[in-house]
Amino acid sequence: MVNPTLPAVRVLTLAFFISFLFGLPAKSQVGITGGYANFKAAGWLDAAGERTNKSIAALGGWQLGADYWFRLKQKRIEFTLEASYSTLSESGLRAGNELEIAAYGLQLNTNLYPLDFGSDCNCPTWSKNGDVFTKGFFIQLIAGGAFQDKQLVSPDFSSEQKDLALKLGAGIGLDIGISDFFTVTPLVRYVYFPNLNWEGIATDTVGKDNTSGSQIFAGLRLGFRFDELYKYSIRSY
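Conventions we followed
Residues numbered from 1 in each chain as written. Predicted model: local features only at pLDDT ≥ 70, side-chain atom pairs only at ≥ 80, totals over all residues. Heavy atoms only, no water. Helix = DSSP H or I, 4+ residues; strand = E, 2+ residues; numbered from the N terminus. Buried < 20%, exposed > 50% of the residue type's maximum accessible area, 1.4 Å probe, protein only. Pairing = 2+ DSSP bridges. Contact = heavy atoms within 4.5 Å. Phe/Tyr/Trp six-rings, centres within 6.5 Å; stacked < 30°, edge-to-face > 60°. Lys NZ or Arg CZ within 6 Å of the ring centre and 35° of its normal. Patch = residues over 30% accessible without salt bridge, like charges linked within 9 Å, V, L, I, M, F, W, Y side chains within 5 Å. Areas by Shrake-Rupley, 256 points an atom, 1.4 Å probe, with all protein chains shown as cover. Salt bridge = Lys/Arg side-chain N within 4 Å of Asp/Glu carboxyl O.

Chemist: I'd like to hear about the environment of Lys 150, residue by residue, with values.
Modeler: As for its position among the elements, Lys 150 is in strand S5 (residues 137–154). Owing to a relative accessible area of 0%, Lys 150 belongs among the buried residues under this scheme. Residues Lys 150 and Leu 88, spaced 62 residues apart in sequence, show a C-alpha to C-alpha distance of 9.5 Å.

In structure tokens form, the structure reads like this:
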């Protein structure tokens with residue numbers, strides 16, 4: 001069976017992200033990201049489908065992340081250092097078959113604002129002149145890695161492997177200001193894994209132990225600018 005400790009790990013991971021967010025200094029600028037992830041790795045999924053007697057095109061699940069935000073002063077280039085946790089699975093397998101990948105990720109996101117690149121905007125965008133799309137639209141570049149815990153169980157096969165996978169990606173998003181303190185950002189990301197390894201998952205005729213993979217993520221980032229609250233608290237004295 002799939003590791004029974006995984007539900008407890010998910011709860012602890014969620015608690016970590018919440019503690020991370022609210023344990024940062026009062027002047028910090030942080031965010032929480034959550035959404036749906038769709039993962040494909042043909043070499044693995046072809047083999048898993050053969051072993052579980054079901055065609056598997058992709059794995060689906062959710063991803064949760066927490067990040068710390070910083071930026072360049074004179075140009076609209078912003079960065080978030082993001083830690084994340086995701087769980088991906090195939091829910092349509094018959095009884096006695098399980099396929100799940102849990103991943104702990106760390107990545108640097110670089111946001112480029114092409115329609116407002118030369119501005120010295122210390123955004124939140126809603127407190128400056130200009131429309132939301134011009135100030136808030138960005139292209140995101142992604143580089144990082146993920147520690148994957150991969151598990152496959154069928155009546156005549158069982159395998160679990162843990163290792164590190166590198167990833168590169170890109171995405172787009174739009175910052176929507178609710179207040180100087182709070183931002184909502186819908187975003188979409190495409191992430192590519194150039195070298196994935198799962199020793200022994202391939203059968204003699206189907207699948208590959210070594211393959212590449214990709215993931216599409218769609219979700220929301222909630223941004224919190226505690227530095228803005230700090231400014232207001234200073235002004236009140």
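From this point, the narrative continues.
Chemist: I'd like to hear about unusual backbone geometry, residue by residue, with values.
Modeler: Positive phi values are uncommon outside glycine, yet Asn 53 reaches one of about 60 degrees. Inspection of the secondary structure puts Asn 53 in the loop between helix H2 (42–52) and strand S2 (59–71). For Asn 53, a relative accessible area of 56% gives the class exposed.

Chemist: Report on the pairing of S2, specifying residues and quantitative values.
Modeler: Of the strand pairs in this sheet, strand S1 (residues 29–40) and S2 are connected by 10 bridges, and their pairing is antiparallel. Along S2, the bridge assignment pairs Asn 38 with Gly 60. One ladder, built from 12 bridges, connects S2 with strand S3 (residues 77–89); its direction is antiparallel. Across the sheet, the residue bridging to Gly 65 is Ser 84, located in S3. Hairpin connection from S2 to S3: 5 residues lie between these consecutive antiparallel strands.

Chemist: Residues and numbers for the environment of Gly 213, please.
Modeler: Positionally, Gly 213 belongs in strand S9 (residues 210–225). For Gly 213 and Phe 39, which are 174 residues apart along the polypeptide, the C-alpha to C-alpha distance reads 7.4 Å. For Gly 213, the contacting residues outside a window of four places in its chain are Lys 40, Ala 41, Val 191, Tyr 192, Phe 193 and Leu 196.

Chemist: Please set out the pairing of S1 residue by residue, giving values where relevant.
Modeler: Two faces make up the sheet, and in a regular strand the side chains alternate between them. Direction of pairing for S1 relative to S9: antiparallel, over a ladder of 12 bridges. Bridging from a neighbouring strand, Ala 37 pairs with Phe 217 of S9.

Chemist: Can you explain the packing of aromatic side chains? Please cite residues and give values.
Modeler: For the structure shown, the criterion picks out 10 aromatic pairs. Each ring, one from Trp 44 and one from Trp 198, has its centre 5.4 Å from the other, and the planes form 90 degrees; the classification is edge-to-face. In this pair, Trp 44 is assigned in helix H2 and Trp 198 in the loop between strand S8 (182–197) and S9, connecting sequence segments 154 residues apart. Of the two residues, Trp 44 and Trp 198, both sit in the buried class. For the ring pair Phe 182 and Phe 224, a centre distance of 5.5 Å and an interplane angle of 35 degrees mean the geometry is tilted. Residue Phe 182 is found in strand S8, and its partner Phe 224 is found in strand S9; the two are separated by 42 residues along the sequence. An aromatic cluster is built from Phe 39, Trp 44, Phe 193 and Trp 198, whose rings are joined through pairwise contacts. When the ring centre of Phe 157 is taken as origin, the NZ or CZ atom of Arg 51, which lies over that ring, is 3.7 Å away.

Chemist: Tell me about a nonpolar patch on the surface, and name the residues and values.
Modeler: On the surface, Ile 139, Leu 141, Ile 172, Val 188, Tyr 190, Tyr 192 and Ile 216 cluster together into a nonpolar patch covering about 610 Å² of accessible area. Broken down by secondary-structure element, the contributors of at least two residues to the nonpolar patch are S5 and S8. With 3 residues, S8 is the single largest residue contributor to the nonpolar patch. Within the secondary structure layout, Ile 216 lies in strand S9.

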